[in-house]
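Notes for the structure review
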Amino acid sequence: MKKSIDAIRMLGIEAVNKANSGHPGIVLGAAPMAYTLFTKHLNVNPQVDKWTNRDRFVLAAGHGSALLYSLLHLSGFDLNIEDLRNFRQVDSITPGHPESYLTPGVDVTTGPLGQGVATAVGLALAESHLAAKYNTKKYSLFDHYTYVLCGDGDLQEGVTQEAISLAGHWKLNKLIVLFDSNDVQLDNMVNVAQSEKIGDRFQAANWSYLFIKDGNDVEAINEAIIKAKKSDKPTLIEVKTVIGFGATKQGTPAVHGAPLGTDIETVRNLLGWTEKPFEIPGEVYDDFEVNVKNRGIKKYEQWLKMYEAFCQENPAFGKEVDEAIHGNFTFNTEQFLDLKPTKPQATRISSGAIIDRISSIIPNWIGGSADLSGSTKAKGADGVYGAENRIGRNLAYGVREFAMTAINNGICLHRGLLSFASGFFVFSDYMKPAIRLSSLMEIPVVYVLSHDSIAVGEDGPTHQPIEQLAMLRSQPNLNVFRPADFNETLGAYHLALQSRHTPSAILITRQDLPELEHSSVEMVKKGAYQVYGSEHHNDVVLVATGSEVNMAIVVAKKLEHDKKINVKVISMPSWELFDKQDITYKTKLLEPTALIASIELGTTFGWERYTSNTGLNFGIDTFGQSGPFHDVLEYFGFNVENIVNTISKKMQLSK
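Residues numbered from 1 in each chain as written. Predicted model: local features only at pLDDT ≥ 70, side-chain atom pairs only at ≥ 80, totals over all residues. Heavy atoms only, no water.

- The protein chain goes by Transketolase in an unreviewed UniProt entry, where it is assigned to Spiroplasma poulsonii.
- Annotation of the protein chain in UniProt includes, under Catalytic activity (unreviewed entry), the sentence "D-sedoheptulose 7-phosphate + D-glyceraldehyde 3-phosphate = aldehydo-D-ribose 5-phosphate + D-xylulose 5-phosphate".
- UniProt, in the comment section headed Subunit (unreviewed entry), describes the protein chain in these words: "Homodimer." (UniProt positions renumbered as here; feature names shortened; annotations may be inferred.)

As structure tokens, then:
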């Protein structure tokens, strides 16, 4: 046991030293608790690393990646010694912080502190929901734990408090957090930045709390995990460790984030480690093979037999479970034809009707809102999820936008469920760090963001998004949709549910919008398409999104009637999808010889990519105003007359 723990330590700090970059402190201090968890409790199968009923392990303190990579290598995952030698190098599978889409055995991308704990709450929620939905007395298809290893920094982040409040309220008893409590942060000692007792904070949030005074006491750690498994609440196990254990400057910030250099010999001598760098005794591999790999393979094979028997006895239900596990969430647009609106309506109303229909078609569609479902019209079915209703698909997050988003990442990462999260578009500022991880982890979470412009009106500048649209569009691997009516809203959802590796943000209006005569569900996949005018030989091409598409059509008709200018109108619900089209299609829409003008109720930043330096961009580049939304639009000159006159003058000057 000692040799195995020391092997974890040495592999980790040798990788850090070779890279001349990384965090050796957590490797040396937390190795005993990590070893205990992996060899005595964690059920994983290195041969099938994404097995549905495996235990999940989240290294919330992602800077300790060298610790995780050492554990995964020793456990038999597809991570060899050469991969550890390439720690933190370009194009390796051992990056500076763990990446779930890249490295075998990594369940969650971590590094941004706090999000690991919140994402783990989503993993635990998914397990509890699927267990309640599919388990029977005879078959426990979903029956596993979510374990987290976190540090002081994780628990100082506000998103963690949001998440642990929900976890305690939901009584997610299969969530167990190991707290590497070493009293040290990067800059200074922890007591410089906080004074509260962590245990009291968790207990106040309805968690169980256990304390281990010696981080090297494997037996005590093991007993604590056993006890935590029996709790009816989530559990925090605070383990007092010494950061950088064995190094000259152990217990100080100096060993948090800097390679040990020659001081590695001090650790080597203290541990009595005589092996050459990156060489591990056979008995260590044997230890992990017996206590991690073989145990996991056995658990997997037992589960697989049970799963096959379940599917044979319950063919219809088995098909549903199989589709869920493999992420086959699809629907046909024909299933929504009866939802045609009978009068002008806000796209949030269209969105709400579509979400409800998806709930009836896809039984594993789950999500909710940050205390705004009455406004966003986005809520799940089967009642509010909670300790007394695990099968509920409506997640009542309260006013916790950041945690909501990170939890949805966890739900989606778990597999078996497709998650959505909803809020006001302006508060995507609170959600952005977790939306970014959705994109980075390549998971298809759906974000439903309403009240998408200054047409919010009376709520004023604090609630009127301006720059948020450019913010989301600038993010890699995120499809942003701003639909103009019901058809385009349906098209956005259809594409979002077909996505496998890209999240989607669907932006919807508070105000009513007319249904466009030539809008198309199918053409949304092109990102942009013509909704008015002739295909060729136009003087002006108007490009608009969302609520401004109808305004663009009115502008076009007036320009044609009053100014004798030929105008084409393009609806562009998604920049990202339009940018993927071939040059022929792009040139056909955005005629090179025409004046191109964009119309959108948000910042004009970025539109020059389509309108060029010679075009026009109608938007809002200041914060908004409070008042009835028609008055707000008039205040900013966002009306048909002003746009017509500006374009007309531009055309005259160009002649």
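From this point, the narrative continues.
**Regarding the sheet that holds strand 5 (residues 235–240)**
- Ordered in space as 1-2-3-5-4, the five strands form an open sheet in which the pairing is parallel. Each having just a single partner strand, strand 1 (56–59) and strand 4 (208–212) make up the two edges of the open sheet. Recorded for the sheet is a direction-independent mean angle of 15° between the axes of neighbouring strands.
- Pairing analysis gives four bridges linking strand 1 to strand 2 (residues 146–150), with the strands arranged parallel. Each bridged residue has a counterpart across the sheet, and for R56 the counterpart in strand 2 is T146.
- In the packing of helix 9 (residues 218–229) onto the sheet, contacts are made with strand 2, strand 3 (175–181), strand 4 and strand 5, and the angle to strand 4 comes to roughly 175°. (Pairing = 2+ DSSP bridges. Helix = DSSP H or I, 4+ residues; strand = E, 2+ residues; numbered from the N terminus. Axes fitted to C-alpha atoms, helices over the stretch in contact; angles between N-to-C directions. Contact = heavy atoms within 4.5 Å.)

**A few points about the nonpolar core**
- Core analysis: the largest hydrophobic core is formed by 74 residues, its most contacted members being L141, V148, W170, L172, L175, W207 and L472.
- The element that contributes the greatest number of residues to this core is helix 5 (residues 115–134), accounting for 11 residues.
- Domain assignment of the residues forming this core places at least three in each of domain 1 (1–298) and domain 2 (333–508).
- V148 has contacts with V58, A60, V117, A120, L175, I176, V177 and L178, leaving out every residue within four places of it along the chain. (Core = buried A, V, L, I, M, F, W, Y, C linked by side-chain atoms within 4.5 Å. Buried < 20%, exposed > 50% of the residue type's maximum accessible area, 1.4 Å probe, protein only. Domains from an automatic or database assignment.)

**Here's the deal with the packing of aromatic side chains**
- Per the stated rule, a full pass over the model turns up 22 aromatic pairs.
- Geometrically, the ring pair formed by F38 and F57 is edge-to-face, given 5.4 Å between the ring centres and 80° between the ring planes. Taken together, the residues F38 in helix 2 (residues 24–40) and F57 in strand 1 connect sequence positions 19 residues apart. Assigned by exposure class, F38 and F57 land together as buried.
- Arranged with centres 5.6 Å apart and planes meeting at 85°, the rings of W51 and Y300 form a pair that is edge-to-face. You can see W51 sitting in the loop between helix 2 and strand 1 and its partner Y300 sitting in helix 11 (residues 282–313), a full 249 residues away along the chain. Side by side, W51 and Y300 carry an identical accessibility label, which is buried.
- Joined through ring pairs, the aromatic side chains of Y134, Y139, F142, F310 and F317 make up one cluster.
- Sitting above the plane of the Y145 ring, K174 keeps its charged end 5.7 Å from the centroid. (Phe/Tyr/Trp six-rings, centres within 6.5 Å; stacked < 30°, edge-to-face > 60°. Lys NZ or Arg CZ within 6 Å of the ring centre and 35° of its normal.)

**Focus: the UniProt feature "binding site: thiamine diphosphate" (unreviewed entry) in the protein chain**
- Taking the UniProt record as the reference, the feature "binding site: thiamine diphosphate" (unreviewed entry) is found at H63, G111, P112, L113, G153, N182, H256 and F427. These residues run over 365 residues, and the two farthest C-alpha atoms among them are 34.9 Å apart, placing them at more than one spot.
- Turning to its location among the elements, G153 is positioned in helix 6 (residues 152–156).
- With a relative accessible area of 18%, G153 lands in the buried category.
- Looking at the element boundaries, N182 is found in the loop between strand 3 and helix 8 (198–204).

**A word on the packing of helix 5 against helix 15 (residues 401–414)**
- Relative orientation of the contacting elements helix 5 and helix 15 amounts to 50°, with a least axis distance of 7 Å. Classified by the angle their axes make, helix 5 and helix 15 are oblique. Pair helix 5 / helix 15 crosses with right-handed handedness. The residues of helix 15 that touch helix 5, namely those facing Q115, A118, T119, V121, G122, L123, L125, A126, E127 and L130, are F402, A406, I407, N409, G410, I411, L413 and H414.
- Considered class by class, the residues forming the contact of helix 5 with helix 15 number 11 nonpolar, six polar and one charged. (Parallel < 35°, antiparallel > 145°, perpendicular 65-115°, else oblique. Left-handed = near helix turned anticlockwise from the far one by under 90°. Nonpolar A, V, L, I, M, F, W, Y, C, P; charged D, E, K, R; others polar.)

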